[in-house]
Amino acid sequence: DGTFNMVGRDPEAGGWSSTELVVHLNETVRIRVHSMDTIHGLSISKFGVDSGPVKYGEPLVVEFVADEVGEFIMSCSIRCSPLHGEMIATMRVVE
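Computed from a predicted structure; not experimentally measured. (Residues numbered from 1 in each chain as written. Predicted model: local features only at pLDDT ≥ 70, side-chain atom pairs only at ≥ 80, totals over all residues. Heavy atoms only, no water.)

(A) Seen up close, the pattern of salt bridges. Per the stated rule, a full pass over the model turns up three salt bridges. Where Arg-92 meets Glu-20, a salt bridge forms, and the shortest distance between an N and an O atom there is 3.3 Å. Pair noted here: Arg-92 is in strand S8 (residues 88-94) and Glu-20 is in strand S2 (residues 20-24), with a separation of 72 residues, a long-range link. The exposure class assigned to Glu-20 is partly exposed, which follows from its relative accessible area of 39%. A salt bridge links Glu-68 to Lys-46; the nearest nitrogen and oxygen atoms lie 3.1 Å apart. Separated by 22 residues along the polypeptide, Glu-68 in the loop between strand S6 (60-66) and strand S7 (70-76) and Lys-46 in the loop between strand S4 (42-44) and strand S5 (49-50) bring together distant segments of the chain. (Salt bridge = Lys/Arg side-chain N within 4 Å of Asp/Glu carboxyl O. Helix = DSSP H or I, 4+ residues; strand = E, 2+ residues; numbered from the N terminus. Buried < 20%, exposed > 50% of the residue type's maximum accessible area, 1.4 Å probe, protein only.)

Here it is as structure tokens:
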């Protein structure tokens, strides 16, 4: 139904709980972003999504319309560890 949970952990502890989300074109997408340790953030730049800082125990929800088919990078937008650049996942938008 377009609703997902993304749980962030430092990359050394596993990174994002999901490495790929699949959504349908023109679907309203809701992602509840959680942190299990330090501060994280979720960014999907193609869709202008940035959750801002997500603290442990204080999940945030981002919502947007997936209006383009393709594969898009989802990344952590808060420098969370020396391996921060490895906190990526993919969102695939299909027809």
